[in-house]
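Residue-level structural notes
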Amino acid sequence: MFKYLKRQWKYFVAKVSGRAEANADPKVQLEQAIGEAHSQHKRLKEQAANVIANQKQAEIRLNKKMEELGKLNANARQALIMADDAAKSGNEQKALEYTSAAETIADKLISLESDVESLKSMVLESTQAADQAKASVKQNSRLLQEKIAEKSKLMSQLDQAQMQEEMNSAMASLTETVGDDVPTFNEVQEKIEARYAKAKASAELQEVTVESRVLEIEQATANVEAQSRLSELRAELGLDSGAQPAAVEAGETQSQPTEG
């Protein structure tokens, strides 16, 4: 039962996290990632500073021990010289005292030399650690700068992606049905084009009718002008008082009523 509840809880957490991830603003997440990178770099610098500080302290302690070692060496030599001078002058008591002092200084030298060797090893190790810390900070600083530069690039890509998504949505809205009562852009376009084509066809038919009437009028006018011209020619030929053409006379004869 416990395993089942634990598994269900993990499933619930993953589901909620997935929803939150899907609804999260990429720009905010990117800023958070860069902020975390800055924090990590700051912590790394603090750790490196502690390592370098330990190395500096070890160097200071070693230098002090080296100075102390130098003084003890000088004191030991001086004690031996003074013991030898006292022995040469026949002062055995002082010679013994200086020799004893030299031996005491020699004991301190041995202990101090051991400390110096230990400090030398410590300084060497701390120097290596400090060098590694400096290199780590330098490398992380370079990586951080690369992330900052990559952030600007990602921001630009994100803006372009959002713009393209909006364009895709706008283009899709022109072809997709908005609702049951709202026609698509293509449907409206087809209706307008069909109405325009019908109106254009009606206009062309109207133009054909007008043109046919104009042609009839022009033809009638031409006929009148032709008859007038023929009348002028008959007058010039003196045919107005003469007999009409046979076809005309025949027509008139046929049209006259017969007598008795």
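Remember, predicted model here, so these are calculated numbers, not experimental data.

Moving on: the overall build of the protein chain. Each helix and strand counted, the protein chain has five helices and zero strands in total. Reading the protein chain from its N end, one meets helices and strands in the order α-α-α-α-α. By the burial criterion, 12% of the 260 residues in the protein chain qualify as buried. Counting contacts in the protein chain only where the partners sit at least 6 residues apart, residues at least 24 apart contribute 74% of the total.

Averaged over all residues, the pLDDT of the protein chain is 79; the fraction at 70 or higher stands at 77%. In the model of the protein chain, helix H5 (residues 246–255) stands out as the element of lowest mean pLDDT, 44, in contrast to helix H2 (residues 26–88), which has the highest, 90. Here residues 241–260 is modelled with pLDDT under 50, and outside its nearest four sequence neighbours on either side it reaches three contacts, counting other chains as well.

Now for the side chain of Ser 126. The topology assignment puts Ser 126 in helix H3 (residues 92–175). Contacts of Ser 126, omitting those with residues within four sequence positions, involve Gln 55 and Ala 58.

All chains considered together, the criterion is met by eight salt bridges. Residues Glu 31 and Lys 151 are paired through a salt bridge, measuring 3.0 Å at the closest nitrogen-oxygen approach. Remark: Lys 151 occurs in helix H3 and Glu 31 occurs in helix H2; sequence separation between them is 120 residues. The exposure class of Glu 31 is partly exposed, given its relative accessible area of 39%.

Ranked by size, the top nonpolar core spans eleven residues in total: Ala 58, Leu 62, Leu 69, Leu 72, Ala 76, Ile 105, Leu 109, Leu 112, Val 116, Leu 119 and Val 123. Listed by contribution, the elements that provide at least two residues to this core are H2 and H3. With six residues, the single largest contributor to this core is H3. In this structure Val 116 touches Leu 62, Lys 65, Met 66 and Leu 69, once residues within four positions along its chain are discounted.

For Asn 140, the position within the fold is in helix H3. For Asn 140, a relative accessible area of 22% puts it in the partly exposed group. Along the sequence, Asn 140 and Lys 45 sit 95 residues apart, while their C-alpha atoms lie 9.5 Å from each other.

In this section: the side chain of Gln 55. Assignment of secondary structure puts Gln 55 in helix H2. A distance of 3.1 Å separates a polar atom in the side chain of Gln 55 from a polar atom in the side chain of Thr 127. Not counting residues within four places of it along the chain, the set of residues in contact with Gln 55 comprises Val 123, Ser 126, Thr 127 and Ala 130.

Another aspect to go through is H2. Look at H2: 92 Å from first C-alpha to last across 63 residues, which is about the 93 Å you get at 1.5 Å a residue. Among the residues of H2, the N-terminal cap falls to Asp 25, whose side-chain oxygen and the backbone nitrogen of Lys 27 are separated by 3.1 Å. Once H2 ends, the next one or two residues include Gly 90, with phi positive near 85°.

Rules used throughout
Residues numbered from 1 in each chain as written. Predicted model: local features only at pLDDT ≥ 70, side-chain atom pairs only at ≥ 80, totals over all residues. Heavy atoms only, no water. Helix = DSSP H or I, 4+ residues; strand = E, 2+ residues; numbered from the N terminus. Buried < 20%, exposed > 50% of the residue type's maximum accessible area, 1.4 Å probe, protein only. Contact = heavy atoms within 4.5 Å. pLDDT = per-residue confidence, 0-100. Salt bridge = Lys/Arg side-chain N within 4 Å of Asp/Glu carboxyl O. Core = buried A, V, L, I, M, F, W, Y, C linked by side-chain atoms within 4.5 Å. Polar contact = N/O pair within 3.5 Å; in protein donor to acceptor, adjacent residues only side chain to side chain. Expected span 1.5 Å × (residues − 1).

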